[in-house]
Amino acid sequence: MASTSNEEKKPWDSSNLRKYCLNFGEVPRFHFDDPRVDECIRSNKPVIILGTNLVKPAVEKWNLGYMEQNMGAALNTVYFSKSHKFKYFDENKMLGRSNPKGVQFTPPIRKEDMLIGDFIRTMRDWKQGEERLYMQQSLTSAVGTNIVQDFVNFNWKWISSKQKLHKWGKLTSNLLYVSQEGNVTPCHYDEQENFFAQVLGYKRCILFPPDQFQCMYPHPVHHPHDRQSMVDMDKPDHVRFPKFKEAKGVEAVIGPGEVLYIPIYWWHHVESLMRMGPTITVNFWYKAGPTVIQYPLKDHQKVSIMRNIEKMVLEVLRDPNEVGPLLRNVVLGRFED
Ligand code: QVW
Ligand code: ZN
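On a predicted model such as this, the values are computed, not experimentally measured, just so you know. Residues take numbers from 1 onward in each chain, read along the sequence in its written order. Working convention: letters from A go to chains and numbers from 1 go to ligands, in the order in which they are written. Two thresholds apply to this predicted model, a pLDDT of at least 70 for residue-level local features and 80 or more for giving and counting side-chain atom pairs, whereas whole-chain, interface and lining totals are computed over all residues. The basis for the side-chain values is all heavy atoms of the structure; hydrogens and waters are excluded.

**A look at the overall build of the protein**
Piece 1. We count a stretch as a helix when DSSP gives it H or I for four or more residues in a row; a strand needs E for two or more, and each element gets its number in order from the N terminus. Helices and strands together make up the secondary structure of the protein, namely 9 helices and 14 strands.
Piece 2. Throughout, radius of gyration means the C-alpha value; the globule benchmark is 2.2 Å times the number of residues raised to the power 0.38. In summary, the protein has a C-alpha radius of gyration of 21 Å against a globular reference of 20 Å for 337 residues, a match within 12%.
Piece 3. Think of it in three bands: with a 1.4 Å probe and only protein chains considered, a residue is buried below 20% of the maximum accessible area for its type, exposed above 50%, and partly exposed in between. For the protein, buried positions account for 49% of its 337 residues.
Piece 4. The contact criterion used is simple: two residues touch if any of their non-hydrogen atoms lie within 4.5 Å. For the protein, long-range pairs separated by at least 24 residues make up 83% of all intrachain contacts whose partners lie at least 6 apart in sequence.

**Things to note about the coordination of the zinc ion (ligand 2)**
Piece 1. Because no water is among the atoms considered, metal sites can look incomplete, with donors defined as N, O and S atoms within 2.8 Å of the metal, or 3.2 Å for Na, K and Ca. Distances from the zinc ion (ligand 2) to its protein donors, His188 (NE2), Asp190 (OD) and His268 (NE2), fall within 2.1 Å.
Piece 2. Every donor residue of the zinc ion (ligand 2) comes from the same chain, spaced as H-x1-D-x77-H. A residue pair is termed long-range when its members are at least 10 positions apart, and Asp190 in the loop between strand S8 (184–188) and strand S9 (193–200) and His268 in strand S13 (residues 267–272) qualify at 78 residues.

**Here's the deal with the side chain of Arg132**
Piece 1. Along the chain, the position of Arg132 falls in strand S6 (residues 132–138).
Piece 2. Polar contacts involving the side chain of Arg132 include one to the main-chain carbonyl oxygen of Glu181, which spans 2.9 Å.
Piece 3. Among residues more than four places away in sequence, those in contact with Arg132 are Arg18, Tyr79, Phe80, Ser81, Ser83, His84, Phe86, Trp126, Gln180, Glu181, Gly182 and Asn183. Here a polar contact means two N or O atoms within 3.5 Å. Within protein one must be a hydrogen donor candidate and the other an acceptor candidate, and residues neighboring in sequence count only if both atoms are side-chain atoms.

**Structural notes on helix H6 (residues 156–165)**
Piece 1. Among the residues of H6, those classed as buried are Trp158, Ile159 and Lys162. Projected onto a plane normal to the axis of H6, the buried residues spread over an arc of 90° and lie on a single side. Turned more than 90 degrees away from the buried face of H6 sit Lys157 and Lys164, all of them exposed.
Piece 2. Of the surrounding elements, those touching the buried residues of H6 are helix H1 (35–42), strand S3 (47–50), S9 and strand S14 (279–286).
Piece 3. Positioned one or two residues after H6, Lys167 has a phi angle of 55°, which is positive. The arc refers to the directions leading from the helix axis to the C-beta atoms.

**Some details on the site of ligand 1**
Piece 1. For each residue, the test is whether any non-hydrogen atom lies within 4 Å of the molecule or strand; if one does, the residue is near. Residues in close proximity to ligand 1 total 14 residues, the closest being Tyr134, Thr185, Asp190, Lys203 and Asn283.
Piece 2. Note that an oxygen atom of ligand 1 is positioned 2.9 Å from one of the side-chain N or O atoms of Asp190.
Piece 3. A distance of 3.1 Å is found between an oxygen atom of ligand 1 and a side-chain nitrogen or oxygen belonging to Asn194.
Piece 4. Per-residue and other accessible areas follow the Shrake-Rupley method at a 1.4 Å probe size, with only the shown protein chains counted as cover for residues. Protein contacts shield 96% of the accessible area of ligand 1, which totals 360 Å² for the unbound molecule.
Piece 5. Those elements that place two or more of their residues in the shell around ligand 1 are S6, S8, S9, S13 and S14.
Piece 6. Amino acids outside the nonpolar list (Ala, Val, Leu, Ile, Met, Phe, Trp, Tyr, Cys, Pro) and the charged list (Asp, Glu, Lys, Arg) are all regarded as polar, and Gly is one of them. Looking at side-chain class alone, the shell around ligand 1 contains 6 nonpolar, 6 polar and 2 charged residues.

So this is what it looks like as structure tokens:
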């Protein structure tokens, strides 16, 4: 068939993907000059954007050897996990000497500042059964001159035109992620717009829209795992989280040069494909644009309202344990007809 000639051959198959109890739809893939890209972004829908050259210098050069040679002498943030999951937590919400109001909590991952050489050597020598590693380092700090030059040569013209067109706020950060194959960032949402640019290797991203809040069971806002789902996708507890099986998600596998738009407040779970080598990603986080209040409100605006209500109730009650019971009393038996 002639029509298959422009179909990209996938270097991965379903054996490289982790297995979950849900089925997912597919995130659409469009060339950067296809008007449907802007339609997706305008309507807060994820989309894989092809041919942007957003991180072209990185796609052409960056690999473990290049990073080792050029990251420089500064320390990098590396997370260690005993499992394949790296579930983030907010240290500021933990109980401690400086925070008597925090939540009693044992972190599931540990953080270590490492020289790039030590990180890459540990990753290369890694054996099954050892702690897994995931480097997550801001690209604004003291990286070496070659990497700074590559960064300067990113396609800022394209990304700035999107920022402008969609009236996003400021670019807040560029993070560099270097991961072992098989690592997972569990399901969570962020409060910013995100262009997620794949540099090396393949990542799968499973996304759920903000209107699936009831299916995703986020931790309370005051919890160190704020914005993260309480559901373990590997082994969902269908008794505690019965609606999770009804969650309707979409998935995307992105490879070098491809950019995924992750809309603000969209849930996402990210995995580096298994047995496909290490991955490198750079993300671009942008503040939301100015709030336009138009009714009916958007689903993500309602999530924001819910967060504010939780924060407000905690502020007046001053005890996290009283928040749930009070909110339950507000609704229980009152709003059914
Ligand atoms: C991943 C993500 C990333 C997920 C990194 C999170 C620390 C985001 O860019 O690539 O593992 O969630 O929003
Ligand atoms: Zn995220």
